[in-house]
Amino acid sequence: SLGVNRVAAAAAAEGALPAMLGHLHPRYNTPHRAFVIMGVISSVLLLGNAALASSSASNVFWMVFKLSGLCFLISYLMVFPAFALLRRKRPEQPRPYRMPGGTGAAWTAAIVCWLFIAVACALFFNPSAGIDAAQARRETWLLAGETLATLAVGVWLMPKRARQPS
């Protein structure tokens, strides 16, 4: 998970996240502010899951694993449609790879991949093994709330840029 800090620093350097996350330590050349912020966020999620969701350490692990997996996969739900849309909106854009089959194949691939990722996301909402129905519902609602909160923070952190004309 240490790579997340480098990704946050790179995104900050590109202007996609607040600049403070991209600040590198003068001696070690590491994104030390991102380390601290990501550590605090991870600790809050871990402690929150321990307090709210779990009767065992195993459940806490799986809840955090599910949240991490969901947040990773959800980003791809936006990538695949963007792949097809950008080929339509900007056909003149130089690309190192051209999709064989043209626009129809690009849209087909985007839809199939999107459906695959959507099903994978849905599978993360299966309850942990060996818990009762009430605990399963609580885990599902907690995971949904954490996922939505993570997405909301991500949208909030996005830079407020003027839209470029299409």
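Attention in this report is confined to the structure presented alongside it. (Residues numbered from 1 in each chain as written. Predicted model: local features only at pLDDT ≥ 70, side-chain atom pairs only at ≥ 80, totals over all residues. Heavy atoms only, no water.)

### Thoughts on the packing of aromatic side chains
Rules: Two rings from Phe, Tyr or Trp (for Trp, the six-membered ring) form a pair when their centres sit within 6.5 Å of each other. Planes less than 30 degrees apart are called stacked, planes more than 60 degrees apart edge-to-face, and all others tilted. Under the DSSP-based scheme used, a helix requires at least four consecutive residues in state H or I and a strand at least two consecutive residues in state E, with every element numbered from the N terminus.
Evaluated as defined, the whole model comprises three aromatic pairs. Ring geometry for Phe 72 against Tyr 76: centres 5.5 Å apart, planes inclined by 65°, an arrangement best described as edge-to-face. With Phe 72 and Tyr 76 both in helix H3 (residues 57–89), this residue pair falls four residues apart, about one helical turn. Put simply, the rings of Phe 72, Tyr 76 and Phe 80 touch in pairs and so form one group of aromatic residues.

### Considerations on the side chain of Glu 146
Spelled out, the test is: Exposure categories follow from relative accessible area, calculated using a 1.4 Å probe and restricted to protein chains: below 20% of the type maximum is buried, above 50% is exposed, and the middle band is partly exposed. When charges are counted, Lys and Arg are positive and Asp and Glu negative, with His and the chain ends excluded. One side-chain nitrogen of Lys or Arg within 4 Å of one carboxyl oxygen of Asp or Glu is enough to make a salt bridge. Whether two residues are in contact is decided by their heavy atoms, any of which lying within 4.5 Å being enough.
Here Glu 146 lies in helix H5 (residues 133–157). Buried Glu 146, no salt bridge; nearest opposite-charge side chain is Lys 66, N-O distance 9.8 Å. Discounting chain neighbours no more than four positions away, the residues touching Glu 146 are Leu 45, Asn 49 and Leu 67.

### What about the environment of Thr 150?
With respect to the element layout, Thr 150 can be found in helix H5. Expressed as a C-alpha distance, the spacing of Thr 150 and Gln 93, which sit 57 residues apart in the sequence, is 33 Å. For Thr 150, the residues in contact, after removing those within four places along its chain, are Leu 67 and Cys 71.

### Some words on the environment of Arg 27
Stated precisely, the cut-off is as follows: Any pair of N or O atoms that falls within 3.5 Å is considered a polar contact. Within protein, one atom must be able to donate a hydrogen and the other to accept it, and sequence-neighbouring residues count only if both atoms are side-chain atoms.
Mapped onto the secondary structure, Arg 27 falls in the loop between helix H1 (3–13) and helix H2 (32–52). Residues Arg 27 and Arg 95 lie 68 residues apart in sequence; the distance between their C-alpha atoms is 39 Å. Within polar-contact distance, the side chain of Arg 27 engages the side chain of Tyr 28 at 3.3 Å.

### Remarks on a nonpolar patch on the surface
This is how the line gets drawn: Patch definition: residues above 30% relative accessible area lacking any salt bridge, with like charges linked at up to 9 Å and the nonpolar side chains Val, Leu, Ile, Met, Phe, Trp and Tyr linked at up to 5 Å. Working definition of accessibility: Shrake-Rupley area with a 1.4 Å probe, residue cover restricted to the visible protein chains.
Residues Val 36, Val 40 and Val 44 make up a contiguous nonpolar surface patch of roughly 270 Å² in combined accessible area. By the secondary structure assignment, Val 44 is in helix H2.

### Focus on the pattern of salt bridges
Inspection of every chain in the model, using the stated rule, returns one salt bridge. Of the charged contacts, one joins Glu 139 and Lys 66 as a salt bridge, the two residues approaching to 4.0 Å between their closest N and O atoms. Placement of the pair is Glu 139 in helix H5 and Lys 66 in helix H3, with a sequence separation of 73 residues. The exposure classification of Glu 139 matches that of Lys 66, with both residues buried.

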